[in-house]
Structure formats: C-alpha cells, structure tokens
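# Reading the structure
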Amino acid sequence: MPTPVAGPVQCDQLHVMGLATGSTPLELYKLISESDLDFSQASSVNLDEYVGLKPTDPQSYHYFMQEHLFDAKPFKESFFPDGTNPDAGAVTREYDRILARHPIDLQVLGIGRNGHIGFNEPGTTFDSHTHRVALTPSTIDANARFFDQPEQVPRYAYTMGIASIMAAKRVILLAFGKEKAAAIRASLLGPVTPDVPAWVLQRHPNVTVVLDVAAASQF
Ligand code: F6R
C-alpha cells in the first residue's frame, strides 16, 4: 500500500478559484482550512462586494473571506470588486479585466431565496458581466442577520455577472435549508427565465449541485 504523503497538497488543475460568501460555504471553508490543501500558488476571485464597505469593515465580503478562509489558507493573490470606489464604470471594467486574466477553474456558488447567484437578482440578463446592482428587499432582509441593524445593510453591491459565472470551467452549487428549496426546484426543473437567475446553470456543461435533504424537499 502506498504510504500517505504528509504535507501540503497542491491542486495542479486549480489555478483560479471563484469564491462565494454567505452562510452556505462556511462548512466548506472550514473543511478546506483544516485540510492539507495548499492554495499558495493559486489565485482567487470573489463573486461580489458591497458598495461602500472597506476591506477592513467586518461586514465586507473581503473581511469575511479573510476570517473564514484566507487566514488559514492564503492564496497567492485574491481579488474582489473594489467596494470603496463609487465609480461603478471604473470598478466593473477593472474587475472584468481581472477575470479575463484569471479564467476561473472552479466557481463555488450559493443561491438566494429568490434564485440569485452572486448578486444577480431576478431579471438580470444572462449576458451580463460585472456590474453594480441595487439589492432587492428580499436580499437586504436575508443579509440583515450579519448586521447590527437592518438599515446598515448596504443597498448596492458590485457583482460578477451571469456571463462571468458561466465562463467558469466548473461550478459547484451548494444549497442547504428549506428556505432554498423553491429556488432550487425552479433553477433545476423550471422553465427558462431570467426571473430565476440560477436557472442559467442548466446551460453550463459542468455543474455539481450539493443539497441537503431540506433544500431538496420540493423534488
Ligand atoms: C455571496 C453570494 C450570494 C449568496 C446567497 C446565499 O457571495 O454571492 O449569492 O451565495 O445570497 O447566501 P447564504 O449562503 O448566506 O444563504
């Protein structure tokens, strides 16, 4: 029997990892943090960032990633849309340039209760690239749990577009809990509609969907 090799394990097919925030990937990030995986030669690009929050703001997605993954598993370089820059045109053009230079090998996705992926809310066109979005009341409400007061939830975010997500070579969609069940059913079985942004994943050639029993309860 081969002797297991101790020490860091590099994933040589994973040069660029696309990452999500939120409660869904927390367990995944914990498992990665405790593993021997080594990302010091890989790059990461995050899906989104709130407009108006600095990376040092505990509610920013940058801070979230630092706390839940990067402190334990630093990447060679990690990119986020620049939430501190109110010039949406400049931020989105720059992030699209970054994505073009760092094609994503594996994109981790959660899903919103309304079927959003990244911050691509219902109605977002499938050909969208990085853009600034006004968050819907449902998303503001869902994200209020991370803030002391609901009115502190930023109203805008920068997000990779649907076309940016679809350009990833592989996608892993995670959904846990019964509040995700309707969005998962509509995404995987429903008719083509930008009203359920995650539906577009039916057109992606390489998607893995990981659900718990509650999220799969409407099949
Ligand atoms: C976060 C993101 C969002 C979340 C979604 C689910 O970077 O892109 O699309 O994945 O809002 O959030 P949770 O996991 O908190 O239920």
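Residues numbered from 1 in each chain as written. Predicted model: local features only at pLDDT ≥ 70, side-chain atom pairs only at ≥ 80, totals over all residues.

## Thoughts on the overall build of the protein
Regarding its fold elements, the protein presents six helices and eleven strands. In terms of overall dimensions, the protein has C-alpha extents of about 55 × 40 × 35 Å along its principal axes. Taking the intrachain contacts of the protein between residues at least 6 apart in sequence as the baseline, contacts between residues at least 24 apart amount to 80%. (Helix = DSSP H or I, 4+ residues; strand = E, 2+ residues; numbered from the N terminus. Contact = placed C-beta atoms within 7 Å.)

## Quick notes on the nonpolar core
The tendency in soluble globular proteins is for nonpolar side chains to be buried side by side. Of all hydrophobic cores here, the largest spans 50 residues; its most connected members are L109, I111, A157, A175, I184 and A198. Setting aside anything within four residues of it in sequence, one finds I111 in contact with I117, L173, A175, K180, A183, I184, S187 and A198. (Core = buried A, V, L, I, M, F, W, Y, C linked by C-beta atoms within 7 Å. Buried ≥ 20, exposed ≤ 12 C-beta atoms within 10 Å, placed from the backbone.)

## What to know about the environment of F126
Within the fold, F126 resides in the loop between β7 (106-109) and β8 (131-134). F126 sits 39 residues away from I165 along the chain, and the two C-alpha atoms are 9.8 Å apart. Among residues more than four places away in sequence, those in contact with F126 are I162, A163, P194 and V200.

## Points about the pairing of β7
The alternating pattern of β7 places L106 and V108 and Q107 and L109 on opposite faces, both of which are buried. Summarising the sheet, strand β2 (residues 16-19) and β7 pair through two bridges and their orientation is parallel. Across the sheet, M17 pairs through a bridge with L106, a residue of β7. As judged from the four bridges shared by β7 and strand β10 (residues 170-175), these two strands associate in the parallel manner. Residue pairing across strands places L106 opposite R170, the latter belonging to β10. (Pairing = 2+ DSSP bridges.)

## What about the sheet that holds β8?
Pairing is antiparallel in the open sheet, where three strands are placed in the order β5-β9-β8. One side of each edge strand has no neighbouring strand; the edge strands of this open sheet are β5 (48-50) and β8. Averaged over neighbouring strand pairs, the angle between their axes works out to 25° when direction is ignored. Sheet topology places β8 next to strand β9 (residues 156-159); four bridges connect them, and they run antiparallel. Residue pairing for β9: R132 is matched across the bridge by Y158. (Axes fitted to C-alpha atoms, helices over the stretch in contact; angles between N-to-C directions.)

## Re the UniProt feature "domain: Glucosamine/galactosamine-6-phosphate isomerase" (unreviewed entry) in the protein
The sites that UniProt annotates as "domain: Glucosamine/galactosamine-6-phosphate isomerase" (unreviewed entry) are residues 17-204. Along residues 17-204 the backbone is 28% helical and 18% strand, and the end-to-end C-alpha distance reaches 17 Å. (UniProt positions renumbered as here; feature names shortened; annotations may be inferred.)

## Some remarks on the pairing of β9
Relative to β9, β5 is paired through three bridges, and the arrangement is antiparallel. Bridged to Y50 within β9 is A157.

## Here we look at the environment of Q202
By secondary structure assignment, the location of Q202 is in the loop between α6 (181-189) and β11 (207-211). According to the C-beta neighbour criterion, Q202 is exposed, with 12 such atoms within 10 Å. In this structure, the C-alpha to C-alpha distance between Q202 and V192, residues ten residues apart in sequence, is 9.1 Å.

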